[in-house]
Amino acid sequence: MELYLDTANVPEVERLAAIYPIAGVTTNPSIVAAGGHSVWDVLPRLQTVIGKEKRLFAQVLSRETAGMVNEARSLHEVVPGIIVKIPVTPAGLAAIGRLTALGIPTLGTAVYSAGQGLLAALAGAEYVAPYVNRVDAQGGDGIQMVRDLQRLLELHAPHSKVLAASFKTPRQALDCLLAGCAAITLPLDVLQQFLAAPAVDAAVAKFEQDWSQAFGQLTL
């Protein structure tokens, strides 16, 4: 199972990478733009922080196949081994096929249906990213869509992995993992909610209190 941080905040990545067992970092144009720094500046810094053994994802902006391919090649030159995120549109599907032939790994993103995700995988995408919470927000069932996509990939495109995205709660992420997803990417607030349990703090405080009362100190 692969756990990714969905952010372009370099200091936060550095801090959280020392705590959580992450496999790398995913970004998108909105995330990079929110930070106010050029993607060409941010990506090398992120790669330095997480290390070359971990994976980094960045997305193209062009809507045309040729432009997507050119941008993907530029990203790959700046950060060798980067996974290029391509929206699964007709132009994007063609770009995924061309980039696969060039040996540049891709992720099919902005996936709102299982069939759309399957097409990205069949075109050669190494990862497919269904938008769980966004599907829910449109009145659909994001978790069921992920279950369907996971099963389709197992049957017809086993080379490709579901990298589920767009979460508002830890429960959504856990449901995707229970459905068999190989990877998830979490925004910083959702990731930290996994450990944000008042009952844990209360339990630790009680251990300290009992130990201090018995031995007069808080060391072993």
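Residues numbered from 1 in each chain as written. Predicted model: local features only at pLDDT ≥ 70, side-chain atom pairs only at ≥ 80, totals over all residues. Heavy atoms only, no water.

*Asks:* Quick rundown of the packing of helix α3 (residues 39-50) against helix α4 (residues 65-78)? Include the residues and the values.
*Replies:* Between α3 and α4, the least distance of the axes is 10 Å, while the angle of their chain directions is 45°. Considering their axes alone, α3 and α4 lie oblique with respect to each other. In this structure, α3 meets α4 at a crossing whose hand is right-handed. Contacts between α3 and α4 involve W40, L43 and P44 on the former and, on the latter, S74, L75 and V78. Tallied by class, the residues present in the contact of α3 with α4 amount to 5 nonpolar, 1 polar and no charged. (Axes fitted to C-alpha atoms, helices over the stretch in contact; angles between N-to-C directions. Helix = DSSP H or I, 4+ residues; strand = E, 2+ residues; numbered from the N terminus. Parallel < 35°, antiparallel > 145°, perpendicular 65-115°, else oblique. Left-handed = near helix turned anticlockwise from the far one by under 90°. Contact = heavy atoms within 4.5 Å. Nonpolar A, V, L, I, M, F, W, Y, C, P; charged D, E, K, R; others polar.)

*Asks:* Could you give an account of the pattern of salt bridges, naming the residues involved and the relevant values?
*Replies:* For side chains of opposite charge, pairing can occur when their charged atoms come near one another. By the definition in use, this model includes 7 salt bridges. In this structure, the salt-bridge partner of E126 is R55, at a minimum N-O distance of 2.5 Å. Here E126 is found in the loop between α6 (114-123) and β6 (127-130), whereas its partner R55 is found in strand β3 (residues 55-59), with 71 residues between them in sequence. For E126, a relative accessible area of 22% puts it in the partly exposed group. Two residues, K206 and D210, come together in a salt bridge whose shortest N-O distance is 2.8 Å. Of this pair, K206 and D210 both sit in helix α11 (residues 198-215), 4 residues apart, which is roughly one turn of the helix. Judged by its relative accessible area of 42%, K206 is partly exposed. You can call D210 partly exposed: its relative accessible area is 33%. (Salt bridge = Lys/Arg side-chain N within 4 Å of Asp/Glu carboxyl O. Buried < 20%, exposed > 50% of the residue type's maximum accessible area, 1.4 Å probe, protein only.)

*Asks:* Explain the nonpolar core to me, and be specific about the residues and the numbers.
*Replies:* Note on soluble globular proteins: their nonpolar side chains tend to be buried together. In this structure, F167 and C176 are the most contacted members of the largest nonpolar core, which totals 56 residues. Contacts of C176, omitting those with residues within four sequence positions, involve V132, I143, V146, A164, F167, C181 and I184. Core analysis: the next-biggest nonpolar cluster, separate from the first, contains 8 residues, Y4, L107, A129 and A183 among them. (Core = buried A, V, L, I, M, F, W, Y, C linked by side-chain atoms within 4.5 Å.)

*Asks:* Can you explain the environment of Q116? Please cite residues and give values.
*Replies:* Checked against the element boundaries, Q116 lands in helix α6. Residue Q116 is classed as buried on the basis of its relative accessible area of 18%. Between the C-alpha atoms of Q116 and S62, which are 54 residues apart in sequence, the distance is 19 Å.

*Asks:* Residue-level account of the packing of aromatic side chains, with values.
*Replies:* Counting across every chain of the model gives 4 aromatic pairs. Between Y112 and Y131, the aromatic rings sit 5.5 Å apart at their centres with planes inclined by 70°, giving edge-to-face as the arrangement. A residue pair is termed long-range when its members are at least 10 positions apart, and Y112 in the loop between β5 (106-111) and α6 and Y131 in the loop between β6 and α7 (132-137) qualify at 19 residues. Judged by relative accessible area, which is 10%, Y131 ranks as buried. Put simply, the rings of Y4, F57 and Y127 pair up and form one aromatic cluster. (Phe/Tyr/Trp six-rings, centres within 6.5 Å; stacked < 30°, edge-to-face > 60°.)

*Asks:* Describe α3, naming the residues involved and giving the relevant values.
*Replies:* Between its terminal C-alpha atoms α3 stretches 16 Å, which fits the 16 Å expected from 12 residues at 1.5 Å a residue. Buried residues of α3: V42, L43, L46, Q47 and I50, and no others. Across the axial projection of α3, the buried residues extend over an arc of 130°, all falling on one side. Check the buried side of α3 and you find it contacts α1 (10-17), β2 (24-26), β3 and α4. Where α3 begins, the side chain of S38 points an oxygen toward the backbone nitrogen of W40, at a separation of 3.1 Å. Looking one or two residues beyond α3, the residue adopting positive phi is G51, at roughly 95°. (Expected span 1.5 Å × (residues − 1). Arc of directions from axis to C-beta. Polar contact = N/O pair within 3.5 Å; in protein donor to acceptor, adjacent residues only side chain to side chain.)

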